[in-house]
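One letter stands for each residue in the lines below.
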Amino acid sequence: MKITVCGKGGCGKSTVTSLLAKALAGLGKEVLVIDSDESNYGLHRQLGMELPGDFTGYFGGKESVLNDMML
């Protein structure tokens, strides 16, 4: 099952996502939450996790990714 949560800023996307993820995990489901909004650093706190590394770090960092895209 894949679920996407989207909407305008301040409408409760992070809250809905964290509650849904916790509920599904409580039912024994494997849950993977991906937050693609790099300007919002709150979802990890609502999930009770440490701030994860930037995703582009796995590809050499933002500068490297931008340079590769420009090529």
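The rules behind the values
Residues numbered from 1 in each chain as written. Predicted model: local features only at pLDDT ≥ 70, side-chain atom pairs only at ≥ 80, totals over all residues. Heavy atoms only, no water. Helix = DSSP H or I, 4+ residues; strand = E, 2+ residues; numbered from the N terminus. Rg over C-alpha atoms; globule rule 2.2 N^0.38 Å. Buried < 20%, exposed > 50% of the residue type's maximum accessible area, 1.4 Å probe, protein only. Contact = heavy atoms within 4.5 Å. Areas by Shrake-Rupley, 256 points an atom, 1.4 Å probe, with all protein chains shown as cover. pLDDT = per-residue confidence, 0-100. Disulfide = S-S within 2.5 Å.

**Notes on the overall build of the chain**
Along the chain, the regular secondary structure elements total three helices and zero strands. Beginning at the N terminus, the succession of helices and strands in the chain can be written as α-α-α. By the compact-globule yardstick of 11 Å for 71 residues, the chain is too spread out, its C-alpha radius of gyration being 15 Å. C-alpha atoms of the chain, sized along the principal axes, occupy 45 × 25 × 25 Å. Residues counted as buried form 11% of the 71 residues belonging to the chain. Residue pairs at least 24 apart in sequence account for 34% of intrachain contacts in the chain once pairs closer than 6 positions are excluded. Here the chain has roughly 6,200 Å² of accessible surface; of this, 59% comes from carbon and sulfur atoms.

**A word on the confidence of the model for the chain**
Taken over all residues, the pLDDT of the chain has a mean of 86, while the share at 70 or more is 100%. By mean pLDDT, the top-scoring element of the chain is helix α1 (residues 13-26) (95), and the lowest-scoring one is helix α3 (residues 62-70) (81).

**Describing the environment of V5**
Positionally, V5 belongs in the segment before α1. Classification of V5 as partly exposed rests on a relative accessible area of 32%. Discounting residues that sit within four places of it in the chain, V5 has contacts with K13 and T17.

**Considering the state of the cysteines**
Overall, the coordinates contain zero disulfides when judged by the stated rule. Residue C6 stays outside any disulfide, its sulfur separated by 8.3 Å from that of C11, the closest cysteine. Exposure remark for C6: the relative accessible area of 67% places this residue in the exposed category.

**Here's the deal with the side chain of H44**
Mapped onto the elements of the fold, H44 is located in helix α2 (residues 43-46). Residue H44 is classed as buried on the basis of its relative accessible area of 14%. For H44, the contacting residues outside a window of four places in its chain are M49, E50, L51 and P52.

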